[in-house]
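Understanding the architecture of this molecule
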Amino acid sequence: MRLKVLQALRSENAQKDIVIKGWIRTRRDSKGFSFLEINDGSCLKNIQAILSWDVISKDSLSKFTTGAAVSVKGDLVESPGKGQKWEIQVNEIKLLGEAPADKYPLQKKRHSDEFLRTIAHLRPRTNKYGAINRVRSALAFGIHKFFNERGFFYVHSPILTGSDCEGAGEMFTVTALDLQKINKQIDFTQDFFGKKAHLTVSGQLEAEILACALGDVYTFGPTFRAENSNTPRHAAEFWMLEPEMAFADLEDDMDLAEDLVKWLVEYIMNSCEDDIGLFAKFLDKELKNRLDLVLNSSFERVSYGEAIHILQKSKRSFEFPVKYGLDLQTEHERYLTEDYFKKPVFVFDYPKEIKAFYMRLNEDQKTVAAMDLLVPKVGELVGGSQREERLDVLETRMDEVGLDKEEYWWYLDLRRFGSVPHAGFGLGFERLIMFVTGVSNIRDVIPFPRTPKSLEF
Ligand code: 4AD
Ligand code: MG
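So, how was this worked out
Residues numbered from 1 in each chain as written. Chains lettered and ligands numbered in written order. Predicted model: local features only at pLDDT ≥ 70, side-chain atom pairs only at ≥ 80, totals over all residues. Heavy atoms only, no water. Buried < 20%, exposed > 50% of the residue type's maximum accessible area, 1.4 Å probe, protein only. Helix = DSSP H or I, 4+ residues; strand = E, 2+ residues; numbered from the N terminus. Arc of directions from axis to C-beta. Pairing = 2+ DSSP bridges. 1 Å grid on protein atoms, 1.4 Å probe; cavity = no way out; pocket = protein on both sides within 12 Å on 5 of 7 lines; lining within 4 Å. Points joined across faces, edges and corners; volume = space filled by probe spheres on them. Nonpolar A, V, L, I, M, F, W, Y, C, P; charged D, E, K, R; others polar. Salt bridge = Lys/Arg side-chain N within 4 Å of Asp/Glu carboxyl O. Near = heavy atom within 4 Å. Polar contact = N/O pair within 3.5 Å; in protein donor to acceptor, adjacent residues only side chain to side chain. Areas by Shrake-Rupley, 256 points an atom, 1.4 Å probe, with all protein chains shown as cover. Axes fitted to C-alpha atoms, helices over the stretch in contact; angles between N-to-C directions. Parallel < 35°, antiparallel > 145°, perpendicular 65-115°, else oblique. Contact = heavy atoms within 4.5 Å. Patch = residues over 30% accessible without salt bridge, like charges linked within 9 Å, V, L, I, M, F, W, Y side chains within 5 Å. Lys, Arg positive; Asp, Glu negative; His and termini not counted. Charge placed at Lys NZ, Arg CZ, Asp CG, Glu CD. Phe/Tyr/Trp six-rings, centres within 6.5 Å; stacked < 30°, edge-to-face > 60°.

Another aspect to go through is helix H8 (residues 287–296). Given 3.6 residues per helical turn, the α-helix brings residues three or four places apart onto the same face. All of the buried residues along H8 are Leu-287, Arg-290, Leu-291 and Val-294. Projected down its long axis, H8 shows its buried positions confined to an angular sector of 95°, all on one face.

When you tally the buried positions in strand S2 (residues 33–39), you get five out of seven residues, the bulk of the element. Pairing geometry for strand S1 (residues 15–30) and S2, over seven bridges, is antiparallel. Within the sheet, the bridge partner assigned to Arg-28 lies in S2 and is Phe-35. Joining the antiparallel neighbours S1 and S2 is a turn of two residues, in which Lys-31 adopts a positive phi near 45°. Here S2 pairs with strand S3 (residues 47–52) via six bridges, running antiparallel.

On to the sheet that holds strand S13 (residues 367–375). Spatial ordering of the open sheet is given by S6-S9-S10-S15-S14-S13-S12-S11, a layout of eight strands whose pairing is mixed. Single-partner strands in this sheet number two, and they are strand S6 (153–154) and strand S11 (300–303). One ladder, built from five bridges, connects strand S14 (residues 379–386) with strand S15 (residues 422–428); its direction is antiparallel. The residue of S15 that forms the bridge with Gln-386 is Ala-423.

Turning next to empty space enclosed by the protein. Counted by the stated rule, this structure contains two cavities of 30 Å³ or more. Here the largest cavity defines a volume of roughly 60 Å³. If you trace the largest cavity, you find it lined by Ala-120, Arg-123, Pro-124, Tyr-129, Ile-132, Asn-133, Asp-444, Val-445, Ile-446 and Pro-447. Per-class residue counts for the lining of the largest cavity are seven nonpolar, one polar and two charged. Of the voids in this model, the second largest cavity is the one considered here, and its volume is about 30 Å³. Around the second largest cavity sit Thr-161, Ser-163, Cys-165, Thr-200, Val-201, Ser-202, Leu-205 and Glu-206, which together line it. Class assignment of the residues belonging to the lining of the second largest cavity gives a composition of three nonpolar, four polar and one charged.

Following the criterion strictly, the structure yields 28 salt bridges and no others. A salt bridge links Asp-444 to Arg-117; its shortest N-O distance comes to 2.9 Å. In this pair, Asp-444 is assigned in the segment after helix H13 (429–437) and Arg-117 in helix H3 (residues 113–117), connecting sequence segments 327 residues apart. Of the residues examined, Arg-117 reaches a relative accessible area of 23% and is grouped as partly exposed.

For the rest of this paragraph, the subject is the site of ligand 1. What surrounds ligand 1 is a group of 25 residues, the closest being Glu-166, Gln-204, Glu-227, Glu-242 and Glu-380. In this structure, Glu-380 approaches ligand 1 through a side-chain N or O atom, which is 2.6 Å from an oxygen atom. At a separation of 2.9 Å, an oxygen atom of ligand 1 approaches a polar side-chain atom of Arg-387. Protein burial of ligand 1: of its 630 Å² of free accessible surface, 93% is covered by the chains.

All right, on to the sheet that holds S2 then. Here five strands make up a closed barrel; going around it, the order is S1-S2-S3-S5-S4 and the pairing mixed. Shown here is a sheet whose adjacent strand axes are inclined to one another by a mean of 50°, direction ignored.

Running from amino to carboxyl end, helix H11 (residues 391–401) crosses helix H12 (residues 409–416) at an angle of 155°, the nearest separation of the two axes being 9 Å. The angle between H11 and H12 places the two elements in the roughly antiparallel class. Contacts between H11 and H12 involve Leu-391, Leu-394, Glu-395 and Met-398 from the first element and Tyr-411, Leu-412, Arg-415 and Arg-416 from the second. The residue inventory of the contact of H11 with H12, partitioned by class, reads five nonpolar, no polar and three charged.

Below, the discussion takes up a positive patch on the surface. A contiguous patch of positive charge, built from Arg-2, Lys-4, Lys-21, Lys-73 and Lys-94, is present on the exposed surface. Since its relative accessible area comes to 41%, Lys-4 is described here as partly exposed.

Following the sequence through the fold, Gly-221 ends up in strand S9 (residues 216–224). Residues Gly-221 and His-156, 65 residues apart in the sequence, show an inter-C-alpha distance of 8.0 Å. With near-sequence residues (within four places) excluded, Gly-221 lies in contact with Phe-238, Trp-239 and Met-240.

Here the distance between the centres and the angle between the planes together describe a pair of aromatic rings. Scanning the model with the defined rule gives 19 aromatic pairs in all. Note on Phe-220 and Phe-429: the rings are 5.0 Å apart at their centroids and 80° apart in plane angle, and the pair reads as edge-to-face. Taken together, the positions of Phe-220 in strand S9 and Phe-429 in helix H13 put the pair 209 residues apart, joining distant regions of the chain. For the pair Phe-220 and Phe-429, one class covers both residues: buried. Centroid distance Tyr-335 to Tyr-340: 6.4 Å. Interplanar angle 40°. Geometry classified as tilted. Given a relative accessible area of 12%, Tyr-335 falls into the buried group.

Pasting the structure below:
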């Protein structure tokens, strides 16, 4: 019977004739025996296989090196060694794929993140990147579980779109490339079969459509931003989770974001205990404290005006100016959450000039019902708002920012027919992974990062 390493290590009893398939992490030879540490990616831990030299000829042993793929058959027996309950006494071993030691780059030593980025096709086989990918998978599953339990519907927003949700003009254009036309002049800005098309920056507008029919929905998928910024927190392709709720206001929006983040932190600490333990031990000594704090505190809520005030009276000298009306930079966000409040912080009610057109105008006519959730280490994790549901106010705002109302006729229709207060937010999935693992560069939490200069794999 074939078992994954995870299943074998969790076995209740000794078992005869099991098969394990995986990759050798290390081999140690001693007095007629080889000790193989085998990992199959199912968990962080390896299983130890005891291979008697009676089972294998000494000559072929040299091919069982770090990185080689093997299939072993044998008995699962209690391990006399410390730390692990089970090991395998091997009766039969097959070499499935060799990994010559002089060529295989992942030998048993520490490799830098920079080096591992150059071998994105092999790095998932390391402990750290295996753990990151398992955490990524578990968080995605957790997101579905959380929303499913709360009666939200999972909806799919398109990747190819004609609208710019954020109005920031940071879009990648899509061209239907007709090889026949390639030698002729092509207008690359207008060529989705005669129309302008780009990769979506956010699924929000479509999520609003579905929320105004189904009530509570969420979309979760890849989004794209053509920002040429080389920061550890920005990627050109990243995954975004975007819940949208009908009959909800800004307060409901912040409550949902807080519940979600807390729920996911607890979920991942339970479901990926070993992997999170690895990060806490080797990567980020503060990780456990930070995650415990999330579970045991209520997130701070301050208005943008108060946040500016706090920053202005702080003794910290910031690189970027702090002034009412300017956007907060990462250094400001991190000061608020790491140094001042020392916990996650919602900043709400931003001046309308620095936020997107769809956010609901507050009574003061100057600020909008927006919120950003800032968390230690990462800065902005969530951005959201209550949406402008009043047709006349929305039209005025679109005129102010110079948006073509004809192009958004369908968005305006939502306000013409059965309009309701509604709210939602976007959570950057990679930033969430950075937050729960302590990994400090976005390039390391997505298997194939798309950043300026990185498109190889
Ligand atoms: O704040 P943003 O731009 O908000 C929106 O796009 C809204 N339409 C979302 C909504 O209300 N449905 O992006 C939301 C989040 C940010 O808080 C950040 O975590 C992440 O997406 N994000 C990025 N993550 C990685 N790389 C980038 N270039 C990102 N830009 C935004
Ligand atoms: Mg934002």
